[in-house]
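# Summary of the model geometry
Listed below are the residues making up each chain.
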Amino acid sequence: MRIIQQEEKMTVHNLYIFDRNGNCLYYNEWNRKKQAGISKEEEYKLMYGMLFSIRSFVSKMSPLDMKDGFLSFQTSKYRLHYYETPTGLKFVMNTDLSVSNARETLQHIYSNLYVEYIVKNPVCVLGNTLDSELFSSRLDAFIRALPYYSPRAA
């Protein structure tokens, strides 16, 4: 009997940034294999609604007072990582299952990319969709440089 060992590939599928009201300010995908079959606007509403429900469920059902609250959840195919800023911005990254914790990555995206290229940019209007080419290109370079990013992940 011959056993074939498959190398486990890690990757980032996509990233959403929502404002406190549930508006999707930014979306990008890197290695998303399957589309939702609905419009992007509908997908954003479903994602935000799910996040709202999970956060509510976790806060009500937790046996402990959770300082950080909801951080991630996983299905049999992917893991969703979540980070919320004190101002209510929500950063959501979907990865494969081998990425156990992307909290520091999401915090870095907020503090080193979003704050630097959006908040400190006088041309960008806070609360509007993020149309900064500089932010997009720096974010893309950052994601592609992550140790768990693979462009050819299965």
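We now turn to the structure provided with this report. The residue count restarts for each chain, going from 1 along the sequence in the order it is written. Given that the model is predicted, a residue must reach a pLDDT of at least 70 before its local features are reported, and side-chain atom pairs must reach 80 or more before they are shown or counted; all residues, however, enter totals for whole chains, interfaces and linings. Note: side-chain values were computed over all heavy atoms of the structure, leaving out hydrogens and water.

## Things to note about the sheet that holds strand β4 (residues 79-84)
Heads up, the rule is: Think of it this way: DSSP has to see at least two bridges between two strands before they count as a pair. Secondary structure is summarised from DSSP: a helix means a run of H or I of at least four residues, a strand means a run of E of at least two, and numbering begins at the N terminus for each. Note on method: axes are straight lines fitted to C-alpha atoms, helices fitted across the in-contact stretch only, with angles between N-to-C directions ranging 0 to 180 degrees. Contact between two residues is taken to exist if any of their heavy atoms lie within 4.5 Å; hydrogens are not considered.
With respect to topology, five strands assemble into an open sheet ordered β2-β1-β5-β4-β3, the strand pairing being antiparallel. The outermost strands of the open sheet, each flanked by one partner alone, are β2 (24-29) and β3 (72-74). Each adjacent strand pair in this sheet contributes to an overall mean axis angle of 10°, direction not counted. Bridge analysis of strand β1 (residues 12-18) against strand β5 (residues 90-95) gives six bridges, and the strand direction is antiparallel. Bridge pairing in β5 places V12 opposite T95. Against the sheet, helix α1 (residues 40-61) touches β1, β2, β3, β4 and β5, its axis set at about 80° to β1.

## Remarks on the nonpolar core
Looking at soluble globular proteins, one finds that nonpolar side chains tend to be buried together. Which entries qualify depends on this criterion: Definition used in this section: a nonpolar core is a set of buried Ala, Val, Leu, Ile, Met, Phe, Trp, Tyr and Cys residues joined via side-chain atoms within 4.5 Å. When a residue's accessible area, from a 1.4 Å probe over protein chains only, is under 20% of the maximum for its type it is buried; when over 50% it is exposed; and in between it is partly exposed.
Of all hydrophobic cores here, the largest spans 27 residues; its most connected members are F91, M93, I109, Y114, F135, L139 and I143. Listed by contribution, the elements that provide at least two residues to this core are β1, β2, β5, α2 (103-119) and α3 (133-145). Of the residues forming this core, the biggest block, eight residues, is contributed by α2. Those residues in contact with L139 that lie beyond four places of it in its chain are L15, Y26, W30, I109 and L113. With 14 residues, the next largest nonpolar core counts Y44, L51, I54 and Y82 among its residues.

## So, α2
Defined as follows: Residue count minus one, scaled by 1.5 Å, sets the expected span of a helix.
For α2, built from 17 residues, the straight-helix expectation of 24 Å at 1.5 Å per residue is missed by more than 12%, its first-to-last C-alpha distance being only 21 Å. Along α2, the residues that are buried comprise R103, T105, L106, I109, Y110, L113, Y114, V115, Y117 and I118. Buried residues along α2 sit against β1, β4, β5 and α3.

## Topic: the packing of aromatic side chains
Definition in use: Two rings from Phe, Tyr or Trp (for Trp, the six-membered ring) form a pair when their centres sit within 6.5 Å of each other. Planes less than 30 degrees apart are called stacked, planes more than 60 degrees apart edge-to-face, and all others tilted.
Applying the stated rule across the entire model yields 13 aromatic pairs. Each ring, one from Y27 and one from Y44, has its centre 5.8 Å from the other, and the planes form 45°; the classification is tilted. You can see Y27 sitting in strand β2 and its partner Y44 sitting in helix α1, a full 17 residues away along the chain. In this pair, the class of Y27 matches that of Y44, namely buried. Relative to Y78, the ring of F73 has its centre 6.3 Å away and its plane inclined at 65°; by these criteria the two rings are edge-to-face. Judged by its relative accessible area of 28%, Y78 falls in the partly exposed class. What links up through ring pairs into an aromatic cluster is the set Y26, Y83, F91, Y110, Y114 and F135.

Nothing here speaks to function; it is geometry throughout.
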